Amino acid sequence: MARRLPWLLFLLLFTFVVAIPADALAARYSTIVLDAGHGGRDNGAKWGGVPEKRLTLDVARRVRKILQKKGVRVIMTRNSDKQISISSRAAIANKYRNAMIVSIHFNAHRNTKITGIETFYASSRGRTIASRIQTRLMRKIRSKNRGIKFTKRLGILNKTRGAAVLVECGFISNAHERKRCNASWYRQIVAQQIANGILASR
Ligand SMILES: [Zn+2]
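Residues numbered from 1 in each chain as written. Predicted model: local features only at pLDDT ≥ 70, side-chain atom pairs only at ≥ 80, totals over all residues. Heavy atoms only, no water.

### Examining the side chain of Glu52
Consideration 1: Turning to its location among the elements, Glu52 is positioned in helix α2 (residues 52–69).
Consideration 2: An unpaired buried charge is present at Glu52: no salt bridge exists, and Arg78, the closest side chain of opposite charge, is 8.2 Å distant.
Consideration 3: The contacts of Glu52, once residues within four sequence positions are left out, are His38, Asn43, Gly44, Ala45, His105, Phe106 and Ile172. (Helix = DSSP H or I, 4+ residues; strand = E, 2+ residues; numbered from the N terminus. Buried < 20%, exposed > 50% of the residue type's maximum accessible area, 1.4 Å probe, protein only. Lys, Arg positive; Asp, Glu negative; His and termini not counted. Salt bridge = Lys/Arg side-chain N within 4 Å of Asp/Glu carboxyl O. Contact = heavy atoms within 4.5 Å.)

### Examining the coordination of the zinc ion
Consideration 1: Coordination of the zinc ion by the protein involves His38 (NE2), Glu52 (OE) and His105 (ND1), with metal-donor separations of 2.1 Å.
Consideration 2: Between consecutive donors of the zinc ion, the numbers of intervening residues give the motif H-x13-E-x52-H. Linking His38 in the loop between β1 (31–36) and β2 (46–47) with His105 in strand β5 (residues 99–107), this pair joins segments that are 67 residues apart in sequence. (Donors = N, O, S within 2.8 Å, 3.2 Å for Na, K, Ca; no water.)

### Describing the packing of helix α4 (residues 124–140) against helix α7 (residues 184–201)
Each pair of packed helices can be described by the angle between their axes along with the distance between the axes.
Consideration 1: The geometry of α4 relative to α7 is characterised by a closest axis approach of 8 Å and an angle of 145 degrees between their N-to-C directions. As α4 runs across α7, the sense of the crossing is right-handed. Side by side, α4 and α7 meet where Ile129, Arg132, Ile133, Arg136, Leu137 and Lys140 of the first sit next to Ile189, Val190, Gln193, Ile194, Asn196, Gly197, Ile198, Ala200 and Ser201 of the second.
Consideration 2: Looking at side-chain class alone, the contact of α4 with α7 contains 8 nonpolar, 4 polar and 3 charged residues. (Axes fitted to C-alpha atoms, helices over the stretch in contact; angles between N-to-C directions. Left-handed = near helix turned anticlockwise from the far one by under 90°. Nonpolar A, V, L, I, M, F, W, Y, C, P; charged D, E, K, R; others polar.)

### Notes on the sheet that holds strand β6 (residues 117–121)
Consideration 1: One open sheet holds the 6 strands; their spatial order is β4-β1-β5-β8-β6-β7, and the pairing between them is mixed. The open sheet terminates on both sides in strands that have one partner only, identified here as β4 (74–76) and β7 (145–150). Between one strand axis and the next, the sheet turns by 20 degrees as a mean value, whatever way the strands run.
Consideration 2: In the sheet, β5 pairs with strand β8 (residues 163–171) via 7 bridges, with the strands oriented parallel. Across the sheet, Ser103 pairs through a bridge with Leu166, a residue of β8.
Consideration 3: Across the face of the sheet, helix α3 (residues 86–93) comes into contact with β1, β4 and β5 while running at roughly 165 degrees to β1.
Consideration 4: Sheet strands touched by α7: β1, β5, β6 and β8. Its angle to β5, the strand with the most contacts, is close to 155 degrees. (Pairing = 2+ DSSP bridges.)

What follows is the structure, encoded as structure tokens:
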């Protein structure tokens with residue numbers, strides 16, 4: 001019995017020192033798919049000469065830069081001003097196992113007084129990510145917190161297999177919000193907070 005003790009100790013050490021930390025460090029989501037809304041002939045919303053498609057791509061690129069510095073694998077559904085269908089976006093995301101999909105949009109409403117930030121999800125895993133991103137955005141941006149919202153009506157959330165969220169980063173139909181959405185300092189804060197939410201969810 002005494003002879004077996006060293007081996008038992010070795011096994012115990014192996015389990016705690018090698019096996020457990022390796023597993024704990026493994027990310028739940030091995031790939032982050034960033035989906036810049038709209039593009040090409042599809043401007044998305046367009047107010048005061050500011051097209052949504054340009055803002056979404058810029059924020060997606062900024063998020064990518066932050067994540068890549070942390071060694072995270074990032075895929076973009078588009079990285080230029082081109083039109084791409086929701087099905088094609090989903091097909092790109094669905095090529096990766098354990099992917100997290102973050103779709104980036106800016107909001108608009110006929111009522112130009114409406115402002116705020118909101119994040120949509122369609123699954124329980126999506127809800128967790130949405131909550132983390134929304135919380136971090138509201139921590140740094142003074143705007144109406146429109147909260148996280150469950151929906152089954154957004155294609156990018158329905159057609160993707162991974163955990164997916166859609167972030168609405170501000171209303172370009174509101175003059176005040178449009179002005180800052182169009183400013184790079186604001187998009188950098190948005191990108192940093194979205195990236196922080198993603199990193200906290202991995
Ligand atoms: Zn949009």
